[in-house]
Amino acid sequence: MSARRDTQPELTFDGGHLELNAEKIEKRLSEIWQQASAGYKSEMPIAKICLSNMLVVTDALARPEAEQLANEVALRYPSRVFLLVVDELQGAYSAFVRTSCSRDAESGTIRCFEVVELLADIGRIDFLPGALRSLLVGSVPVITVDLRAYQTTPQFDKTILELSDYYYVNAGVVPSGRLEKRYLPLRWYTTLPVRELIGELLGRVNASDCNARPTNIRLYSAPLVDRCSDLLAGWLLARLRSEHPRQQKNRIIAAYREYQVEIEMVEQEDTTRIAEIQFSDGAVASITNPAAGEFAASFGNAHLWHRSSGMPLSSYLVEAMQDGSEFAEYAAVVDALDRIAQH
């Protein structure tokens, strides 16, 4: 896991507000880049770096979080950052640009990235992608993070998805059918410490000589607490390579090697219990959330711990894109859940 970077931009050059016009935005970005270059002329080498087009979509409610995330990602992975603000206020249709710079701790080089805020109201949001297309840097990927709790602009959302090479969405949706894009809901990110914990647990069992296999798995949920049981069930089916899954009420039953595995979704009041795994030899493993940000697993005399703060979201977004395995795992989950729906 990567260490978190808490560094803030060393200096920011504001370009001010202007009308939402691609040509004028590019001209203003060029002007403030010249200001940044002049401001550092006696310092270490200065470089404007653009590894991606980073689109962060937000509404007024999620805007503070979106601004912070955009800044953290850009410091880690310098990009041309677009903060796309869907505003409920009528008459909103404008832009704001700036260049931010920070010193790389290892090389000492001053690295700069651009931030373009595009603000549009609901009535004109579908016009925004036209200007956006002209501003995208063509030689690097488009990474989109939509932090809105609900996607209420279907045509705009469809267009942004089509523009994106990598797409992260906060809205609680699980697409059906084959994924044509590298697509992840942020609910999948929240399952990371649990997946790592269960993965390590199953790895230890497989490495032992007991030949035990999971046969019964209970996934617990509690009122007002999203344990992402649907995603964890799909992930377990994909990881165990279970065949012919079928659902019976709150149970999923599938073949697994010479055994049958049964996954049960259980609602209960205890918010600390996450999962319980029973093995073919009668042994039982339990996974819990004993305190905020802490996850534990116990299996016999073995005790494992993970912390959810080990991988900040900004690091996760970049590393998932660079590695690709998270997208592949989630695609397998969608396929497993889709196979259940077909039976």
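Since we're looking at a predicted model, the values are computed, not measured.

One pass over the full model with this rule turns up six aromatic pairs. Ring centres of Tyr166 and Phe327 lie 5.6 Å apart, and the angle between their planes is 55°; this geometry places the pair in the tilted category. Note that Tyr166 is positioned in strand E8 (residues 166-169) and Phe327 in helix H9 (residues 325-341), a separation of 161 residues in sequence. Tyr166 gets classed as buried once you look at its relative accessible area, which sits at 11%.

Across the chain, pLDDT averages 86, with 91% of residues at or above 70. Across residues 1-7 the pLDDT falls below 50, and counting only partners more than four positions away or on other chains, this stretch makes 15 contacts in the model.

It is worth spelling out the state of the cysteines at this point. All told, the structure shown has one disulfide when counted by the stated rule. With a sulfur-sulfur separation of 2.1 Å, Cys101 is cross-linked through a disulfide to Cys112. The sign of the S-S torsion, about 105°, decides the handedness of the disulfide formed by Cys101 and Cys112: right-handed. You can see Cys101 sitting in strand E5 (residues 93-103) and its partner Cys112 sitting in strand E6 (residues 110-121), a full 11 residues away along the chain. Assigned by exposure class, Cys101 and Cys112 land together as buried. Left without a disulfide partner, Cys50 is nearest to the cysteine sulfur of Cys112, which lies 13 Å away.

For any two helices packed against each other, the geometry comes down to the angle between their axes and how far apart the axes lie. Close contact between helix H2 (residues 63-76) and helix H8 (residues 313-323) brings their axes to 9 Å; oriented N to C, the two are set at 50°. In terms of their interaxial angle, H2 and H8 are classed as oblique. Judged by the twist between their axes, the crossing of H2 over H8 is right-handed. Two secondary-structure elements touch here, H2 through Leu69, Glu72, Val73 and Arg76 and H8 through Leu313, Ser314, Ser315, Leu317, Val318 and Glu319. Among the residues forming the contact of H2 with H8, the class breakdown is five nonpolar, two polar and three charged.

About the thresholds
- Residues numbered from 1 in each chain as written.
- Predicted model: local features only at pLDDT ≥ 70, side-chain atom pairs only at ≥ 80, totals over all residues.
- Heavy atoms only, no water.
- Phe/Tyr/Trp six-rings, centres within 6.5 Å; stacked < 30°, edge-to-face > 60°.
- Helix = DSSP H or I, 4+ residues; strand = E, 2+ residues; numbered from the N terminus.
- Buried < 20%, exposed > 50% of the residue type's maximum accessible area, 1.4 Å probe, protein only.
- pLDDT = per-residue confidence, 0-100.
- Contact = heavy atoms within 4.5 Å.
- Disulfide = S-S within 2.5 Å.
- Axes fitted to C-alpha atoms, helices over the stretch in contact; angles between N-to-C directions.
- Parallel < 35°, antiparallel > 145°, perpendicular 65-115°, else oblique.
- Left-handed = near helix turned anticlockwise from the far one by under 90°.
- Nonpolar A, V, L, I, M, F, W, Y, C, P; charged D, E, K, R; others polar.

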